[in-house]
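Now for the letters of each chain:
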Protein chains: 2
Amino acid sequence: MTTSESCSDCSVRDQALCGSLTNHELESLNRLGRRRHVAKGETLAWAGDDNLVCGNLLSGVLKLSSATTDGREQIVGLLYPADFVGRPFADQVDYDCTALTDAELCVFPREPFERALADHVQMERLLLQRVLAALGDARGRIVSLGRGSASGKVAGFLLDLADRAGTSGCRAMPGGPLTFDLPLSRGEMADVLGLTIETVSRQMTAMKTAGIISLPGGRAVTILDRQALEARLD
Amino acid sequence: MTTSESCSDCSVRDQALCGSLTNHELESLNRLGRRRHVAKGETLAWAGDDNLVCGNLLSGVLKLSSATTDGREQIVGLLYPADFVGRPFADQVDYDCTALTDAELCVFPREPFERALADHVQMERLLLQRVLAALGDARGRIVSLGRGSASGKVAGFLLDLADRAGTSGCRAMPGGPLTFDLPLSRGEMADVLGLTIETVSRQMTAMKTAGIISLPGGRAVTILDRQALEARLD
DNA sequence: CGGCGCTTTGACTCGAATCAATAGGAGTGG
DNA sequence: CCACTCCTATTGATTCGAGTCAAAGCGCCG
């Protein structure tokens, strides 16, 4: 794994922040950054650490989480490829950042990156938009956590994942069955939704029994009846 | 209520975004904006509306909320003086924005404001930081909603308000009793915390009975024993 | 095969929601 | 000033859903 990979072969070249840069600008940013591979389960940064790096996620899924005093954790956000990772202008890391799957990032030391931001107004603009999107995502999660029943939360989560998988993966027919792999364990789903493992499991089997989804094995899920899923949102 | 008030007498002049501007820049922005007063209970914008304005909150408290199908609502955020209101770069309003108290804003038409942002890099930078802060706030709310017990949620909320009141109001002694007015009704507290009115009320009286707080009347609250409140967070 | 981690399933408990009634407080008008 | 209404808050009795505790089941890898 060399550190000299160029941006031209970047899998998220046109979706991530750097898409706003000219080739020449990209060149100078590229000298700042390096590729980093993280294994599934590995934690990139712990809440409270000095905030040293930020970057773009190239592949894989990360979770942002906060440990609670009772030994469990609450996941406050999930990061997918092309998402921005880290929090500029903060001295400390605010949430644990852990890989749910093997993942690859393009990381920059924070301070030079902040200087680069100032030089590339377009990039700062894109970052602003991304943070606004993250804020929208977080607020959506608030609504789901505050109001939903257990079945509503699980249904909503599956729909979120389906939409995300639907854009990249392929669906035979709009409205037809859609299969994808959950990037999380039952326990992690519980930590996202503010439920327990047992409750998540029960909801999943209830939906399977109702013929709304099927669980072909492993972490795969097939959505058989999207409308029924939407009807469960409450 | 004239619309020609100048920025020089603005109560949040040095805390809000505009604090980054020179007097000359301020002048040109001032021509864009106007003061707007909203009465308690009035809704500035409804989710789904065309997104026409943004601005700074000068005084009062606003709520951002989402109506749920069961007729209740979830409050996703509270806005205090000097906070930025609205979401640049979005075509539609994403959450209802309603005044919890009488409030005063300095509003700008969205599109000209976005252009002004581009011209004033420093202001865009400050906006970015503010949105990052809002994201942190939202994520904190996620943790509280996902994990806390009812008493933990109420205790945490009171502590938040106390900290906010503590900076502007005055506290006789650090650690000593602190009194402030709730800007929300019981029902609104319930909508913030994802609880019911009855549960919030019960938690408040339980804390009063335990000697942790007192409720002098109206919407006032006195925190008698901050440590006990912190111990209730879970 | 056997052990380990993740998931499912079951029986029971407990906390918050719900349903329902009462109390308090602000404002109005006689 | 009191009587009345309206609205918010409190309190009580009961229900219900998710948590907890406990026991299998299953898949995976050594």
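Residues numbered from 1 in each chain as written. Chains lettered and ligands numbered in written order. Predicted model: local features only at pLDDT ≥ 70, side-chain atom pairs only at ≥ 80, totals over all residues. Heavy atoms only, no water.

**Notes on the overall build of chain A**
Along its length, chain A carries seven helices and 11 strands. For 234 residues, the compact-globule formula gives about 17 Å, and the C-alpha radius of gyration of chain A, at 19 Å, lands near that figure. Taking the principal axes of its C-alpha atoms as reference, chain A extends roughly 55 × 45 × 30 Å. The buried share among the 234 residues of chain A stands at 49%. When the accessible area of chain A is evaluated, it comes to approximately 10800 Å², of which 50% is carbon and sulfur surface. (Helix = DSSP H or I, 4+ residues; strand = E, 2+ residues; numbered from the N terminus. Rg over C-alpha atoms; globule rule 2.2 N^0.38 Å. Buried < 20%, exposed > 50% of the residue type's maximum accessible area, 1.4 Å probe, protein only. Areas by Shrake-Rupley, 256 points an atom, 1.4 Å probe, with all protein chains shown as cover.)

**Considerations on the relation of the copies chain B and chain A**
Rotating chain B by 180° about the axis while translating it 0.0 Å along that axis superimposes it on chain A, leaving an RMSD of 0.0 Å. Each copy turns onto its partner about a two-fold axis. (Least-squares fit on C-alpha atoms with pLDDT ≥ 70 in both.)

**Considering the interface of chain B and chain A**
Contacts between the two partners involve 42 residues from chain B and, on the opposite side, 42 residues from chain A. Together chain B and chain A conceal approximately 3700 Å² of surface at their shared face, both sides included; 65% is due to carbon and sulfur atoms. Taken as a group, Arg139(B), Ile142(B) and Arg147(B) account for 21% of the area that chain B buries against chain A, more than any other trio of residues on that side. In this assembly, chain B and chain A are joined by four salt bridges. Here Glu124(B) makes a salt bridge to Arg125(A), at a shortest N to O gap of 2.7 Å. Inspection of the region where chain B meets chain A yields 10 residue pairs in polar contact (both at pLDDT 80 or more). Listed by contribution, the elements that provide at least two residues to the side of chain B that touches chain A are strand S4 (62-67), strand S5 (73-79), helix H2 (110-119), helix H3 (121-147) and helix H5 (186-193) of chain B. (Contact = heavy atoms within 4.5 Å. Buried area = accessible area lost by both parts, 1.4 Å probe. Salt bridge = Lys/Arg side-chain N within 4 Å of Asp/Glu carboxyl O. Polar contact = N/O pair within 3.5 Å; in protein donor to acceptor, adjacent residues only side chain to side chain.)

**Quick word on the pairing of strand S4 (residues 62-67) of chain A**
Within a regular beta strand, the side chains point alternately toward one face of the sheet and then the other, so they alternate between its two faces. All names here are of chain A. In terms of residue burial, S4 counts as a mostly covered element, since five of its six residues are buried. Here four bridges tie S4 to strand S7 (residues 96-99), and the two strands are oriented antiparallel to one another. Within the sheet, the bridge partner assigned to Lys 63 lies in S7 and is Thr 98. (Pairing = 2+ DSSP bridges.)

**Digging into the protein's contact with DNA strand D**
As a structural note, the neighbourhood of DNA strand D is formed by 17 residues, with Ala150(A), Thr199(A), Arg202(A), Arg186(B) and Thr205(B) the closest of them. Between DNA strand D and the protein, one listed contact pairs a phosphate oxygen with a side-chain N or O atom of Thr199(A) at 2.4 Å. Between DNA strand D and Arg186(B) there is a distance of 2.7 Å, counted from a phosphate oxygen to a side-chain nitrogen or oxygen. Only helix H6 (197-209) of chain A together with H5 and helix H6 (197-209) of chain B provide two or more residues apiece to the surface near DNA strand D. Residue classes in the surface near DNA strand D are distributed as three nonpolar, eight polar and six charged. (Near = heavy atom within 4 Å. Nonpolar A, V, L, I, M, F, W, Y, C, P; charged D, E, K, R; others polar.)

**Comments concerning the domain arrangement of chain A**
Residue and element names in this part refer to chain A. For chain A, the assigned domains are domain 1 (7-144) and domain 2 (148-231). When each unit is reduced to the centre of its C-alpha atoms, the spacing between domain 1 and domain 2 is 26 Å. Opposite the 14 residues of domain 1 that make contact, domain 2 presents 14 residues. With both chains or domains summed, domain 1 and domain 2 bury close to 1100 Å², and 51% of this area falls on carbon and sulfur atoms. The tally of links between domain 1 and domain 2 comes to zero salt bridges. Summed over the shared surface of domain 1 and domain 2, the number is five residue pairs in polar contact (both at pLDDT 80 or more). Where the side of domain 1 that touches domain 2 is concerned, the elements lending two or more residues are strand S5 (73-79) and helix H3 (121-147). (Domains from an automatic or database assignment.)

**Thoughts on the packing of aromatic side chains**
This structure, assessed with the given rule, holds four aromatic pairs over all chains. Seen in terms of ring centroids, Phe108(B) and Phe113(B) are 5.6 Å apart; in terms of plane orientation they differ by 15°. Their pairing is stacked. Assigned by exposure class, Phe108(B) and Phe113(B) land together as buried. Taken together, Phe84(A), Phe108(A) and Phe113(A) form an aromatic cluster joined through their ring pairs. (Phe/Tyr/Trp six-rings, centres within 6.5 Å; stacked < 30°, edge-to-face > 60°.)

**Considerations on the pattern of salt bridges**
Following the criterion strictly, the structure yields 24 salt bridges over all chains and no others. Each member of the salt-bridge network shares a partner with another, and the members are Asp91(A), Arg110(A) and Glu114(A).

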